[in-house]
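What follows is the residue order along each chain.
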Number of protein chains: 2
Amino acid sequence: MRVDLIICGDYVLTMNSAMDVLKNGAVAVLNKKIVDLDAAEVILEKYSSPEIISGEGRVVMPGFINTHTHAAMVYFRGLADDLPLKEWLENHIWPAEGRCLSPEFVYDAVELACLEMLKSGTTTFSDMYFFADSTAKAAVKMGMRAVVCSGVVDFPTVTGSNADDYLNSAERFINDWSDDALIRPGIAAHSAYTCSPDTLKKICRLSDKCFVSRQIHLSETEWEVSEIISRYGKRPAVHLDNTGFFDGRSVAAHCVWVDAGEIDILAKKGVGVSHCIESNLKLASGIAPVPAMLKAGAAVSFGTDGAASNNDMDLISEMSTAAKVHKAVSKDPTVIDAATALRMATIGGAKALGMDGEIGSIEKGKYADLVAVNLKKPHLTPLYSIYSHMVYSLRASDVETVMVNGRIIIDKGRLILKDEDEILKKAGEWAQKVSL
Amino acid sequence: MRVDLIICGDYVLTMNSAMDVLKNGAVAVLNKKIVDLDAAEVILEKYSSPEIISGEGRVVMPGFINTHTHAAMVYFRGLADDLPLKEWLENHIWPAEGRCLSPEFVYDAVELACLEMLKSGTTTFSDMYFFADSTAKAAVKMGMRAVVCSGVVDFPTVTGSNADDYLNSAERFINDWSDDALIRPGIAAHSAYTCSPDTLKKICRLSDKCFVSRQIHLSETEWEVSEIISRYGKRPAVHLDNTGFFDGRSVAAHCVWVDAGEIDILAKKGVGVSHCIESNLKLASGIAPVPAMLKAGAAVSFGTDGAASNNDMDLISEMSTAAKVHKAVSKDPTVIDAATALRMATIGGAKALGMDGEIGSIEKGKYADLVAVNLKKPHLTPLYSIYSHMVYSLRASDVETVMVNGRIIIDKGRLILKDEDEILKKAGEWAQKVSL
């Protein structure tokens, strides 16, 4: 049988429920999907293909899934650091957004964000920001899979004047993108402190009606918790649950300050949790109780948040930082072991987004979103445990081949769809305007 | 005037006490040392040189200084992870050491460690392990600067049978290496729980007599603190201070569980503190009170510890992790700002080792230990603050040129003294024996 492509690896990490690892394995790809996987000699015997990617010294695994970001904020990377949140937002980020935000800005910025994510092995990201249409277009142009959420708040911004405005835009956006091969549209409620219960309920109705997910920032800071308690007499996750937010497919980013009762709600309602450790650390927001969430069975995944507060979009580094930080915080070196961390970054991300039937592992019938990394590096030598290396020692620069939807996007570490330098040059031009 | 080499950079980060940054700067190197630095046009006018390294899109800065490691343990990278400390040591690391340790093992392993450190921009490391002679020889072969400490404990190991044995070896080692251009010999007391007060005093006498530094692991775990209190009725730093350990040039690694009184001692006695955040996180040892140590004026620097507990030797990642983690732990996003973190990784490391007269910054008369990194990367784009990028966004793979003692060791990201693949191959061979 003829397939489109065969990719081989000294190790194929399937990340399926049995965590099967194929030594000297291969994956056959046909019409965007994985049609078979097995020992390389079996696959090469069974299938013919115009393209066979050699696996020597390489690991093939599912692409990483970044479940929470504001991709366009990559243009604010390092604009202001080491500041209290309020000063950072009010004196730096918001004024820069005020000067620059436009569909063109977001489109160009998201191209850079996609470039950075792809080169570090991320094949799917979930985004909330302004001008969702630009984000979706740029992701498609860059060949990346994305859940793009159109945002809703109760106050006027550059894209609307009130909740109904944003809801109308969101519905239009969802209709426009409902059939795209790479884009999954969604709705983002900014937060429980910027969306009234009434607005949250409207978001739920629209997302239920359109069969799309709803996403929200949840308990990122201690301030948010006390604010919501003072407004509604309940902790944020309880409050959101009461609005019905968690009764449909939902994703909650951060979840830093959730207590045991809230963790129970998140787990029972199957809410996708996006743990954004590096952003939470850098903004001094706190450290989310991830081991407790995992123990409760919550669908915890990783997000980079925006590059303005991180300062990169590298999911490998999120995974490594999270696996280490939680050990010290829990005083237990066994929590979030390497295999768990790698699951959270792949199939766990897919589960959080409600897409684990389609992506997140190397299994027959799933989309071919694959990454191959080069093991022949000093920092990956010697090799005793493949999961350990992928979590504690891997670097973004080890990523050599990235495939999304069966199409090779990064080859030998370089973008093949477009000139990388052009994307960097455009960023330099916009930066002039940002830092005015 | 003719010099050996001129290296240019869009930015030259001097890391001198005024934190001068030269835009379009250049550094002139003659006979191992920095003889001048200024605007590139001034330097290029003033000096002729057979080798001029272009600075376009590059940052030149002092090489990173890794103040605590066990370089040879790189051969145990990922051998065992996610385990309680006792099980990790007793069931995995010690048996592997028992099977393998020899001068040849250490020599070969340190070559790999140096390769990894050099490629991630580290030019000096401070080491304590078995077979110091092998470590020193391998570092010299790889062109790297190192403080190599000959170890002392009170019990028998593969290299000796009692404290006097180790002290004799240490004295011999110090005499053998006292005139080397790259190696600074020293003595390592393993810890206050493996060295009696009498042994510690002998170490102090020998180090004073030979004018070398003494190093020790200090308060890495809570267990150590209670153990020392139960044995001596004092906290570890107080106990060490009473032995006179801190009255000469000394370096204390970890310092996780030091209280305010102990921080005062470390600061007042000018003890070099090596903060090993990634190892401390991964082994769940705890998080050292670095902001308090910095506030007290202690000489805090970064160390990777051994790669068996990290799992890499990348100081860039230590710096980035530390700058972020302490913000969350302190609930203050302003602590360890980017400039502070970069100082700790460069001139701070030199201060901790008592070598700030010779290395750690780009100043006339200092040794030319320099690093050039490539800024033309998606994850370093756009650029608003150079310190921010060097700490929060830089990756080891951005390092292109590394010079130690005026000699280029890494060029275009590759080792030029030796075949990298040969070093990796040797590691693979030893790994067979390690994992028997």
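Calculation rules
Residues numbered from 1 in each chain as written. Chains lettered and ligands numbered in written order. Predicted model: local features only at pLDDT ≥ 70, side-chain atom pairs only at ≥ 80, totals over all residues. Heavy atoms only, no water. Buried < 20%, exposed > 50% of the residue type's maximum accessible area, 1.4 Å probe, protein only. Helix = DSSP H or I, 4+ residues; strand = E, 2+ residues; numbered from the N terminus. Pairing = 2+ DSSP bridges. Least-squares fit on C-alpha atoms with pLDDT ≥ 70 in both. Contact = heavy atoms within 4.5 Å. Core = buried A, V, L, I, M, F, W, Y, C linked by side-chain atoms within 4.5 Å. Salt bridge = Lys/Arg side-chain N within 4 Å of Asp/Glu carboxyl O. Domains from an automatic or database assignment. Buried area = accessible area lost by both parts, 1.4 Å probe. Polar contact = N/O pair within 3.5 Å; in protein donor to acceptor, adjacent residues only side chain to side chain. Nonpolar A, V, L, I, M, F, W, Y, C, P; charged D, E, K, R; others polar.

1. Description of the pairing of strand S14 (residues 370-374) of chain B
Residue and element names in this part refer to chain B. The buried fraction of S14 is high, at five of five residues. Residue alternation in S14 divides its side chains into two sets, Leu370, Ala372 and Asn374 and Val371 and Val373, and both sets are buried. Alignment of strand S5 (residues 58-62) against S14, held across five bridges, turns out to be antiparallel. When the bridges of S14 are listed, Pro62 appears paired with Leu370.

2. Digging into the relation of the copies chain A and chain B
Two copies of one chain are present, and they are related through a rotation about an axis combined with an axial shift. At an RMSD of 0.0 Å, chain A and chain B line up after a rotation of 180 degrees and a shift of 0.0 Å along the axis. Expressed as a symmetry operation, the mapping of one chain copy onto the other fits a two-fold axis. Closest to the rotation axis within chain A is the C-alpha of A:Ser397, separated from it by 3.1 Å. When the interface residues of chain A are mapped onto chain B, 100% of them are again interface residues, pointing to one common binding face.

3. As for the nonpolar core
Ranked by internal contacts, the top residues of the largest apolar core, which has 253 residues, are A:Met293 and B:Met293. The residues contacting B:Met293, other than those within four sequence positions of it, are B:Cys255, B:Val258, B:Ile263, B:Leu266, B:Val273, B:Ala288, B:Ala298 and B:Val300. B:Val27, B:Val29, B:Ile34 and B:Ile408 belong to the second largest nonpolar core, which has 16 residues in total.

4. Observations concerning the pattern of salt bridges
Residue and element names in this part refer to chain A. This structure, assessed with the given rule, holds 66 salt bridges over all chains. In this structure, the salt-bridge partner of Lys364 is Asp36, at a minimum N-O distance of 3.5 Å. Here Lys364, found in the loop between helix H14 (347-352) and strand S14 (370-374), pairs with Asp36, found in strand S3 (residues 33-39); they are 328 residues apart in sequence, far enough to count as distant. One salt bridge connects Asp198 with Lys202, and the closest N-O pair in it is separated by 3.7 Å. Of this pair, Asp198 and Lys202 both sit in helix H6 (residues 197-210), separated by four residues, roughly a single helical turn. Residue classification places Lys202 among the partly exposed positions, given a relative accessible area of 25%.

5. Considering the domain arrangement of chain A
All names here are of chain A. Looking at the assigned domains, one finds that chain A contains domain 1 (5-63 + 367-415) and domain 2 (65-352). Spacing between the C-alpha centres of domain 1 and domain 2 amounts to 28 Å. Contacts between domain 1 and domain 2 engage 30 residues on the former and 31 residues on the latter. The contact between domain 1 and domain 2 buries some 2300 Å² in all, and 68% of this surface belongs to carbon and sulfur atoms. Ranking the residues of domain 1 by area buried against domain 2 places Met15, Val391 and Tyr392 at the top, with a combined share of 27%. A salt bridge links Arg145 to Asp369, with the shortest nitrogen-to-oxygen separation between them at 2.7 Å. Between domain 1 and domain 2 we count four residue pairs in polar contact (both at pLDDT 80 or more) in total. For the side of domain 1 that touches domain 2, the secondary structure elements donating two or more residues are strand S5 (58-62), S14, helix H15 (386-393), strand S15 (399-404), strand S16 (407-411) and strand S17 (414-415). If one sorts the elements of the side of domain 1 that touches domain 2 by residue count, H15 sits on top with five residues. Taken together, the residues of the side of domain 1 that touches domain 2 break down into 21 nonpolar, four polar and five charged.

6. A few points about the interface of chain A and chain B
Bring the parts together and some accessible area is lost; that lost area is often taken as the interface size. Residue-level contacts link 63 residues of chain A with 63 residues of chain B. The largest share of the area that chain A buries against chain B comes from A:Asp82, A:Pro378 and A:Tyr384, three residues that together contribute 16% of it. Here chain A is connected to chain B by eight salt bridges. Here chain A is connected to chain B by 29 residue pairs in polar contact (both at pLDDT 80 or more). For the side of chain A that touches chain B, the secondary-structure elements that each account for two or more residues are helix H3 (103-119), helix H10 (277-282), helix H12 (315-330), H15 and helix H16 (420-434) of chain A. With five residues, the top contributor of residues to the side of chain A that touches chain B is H16(A).

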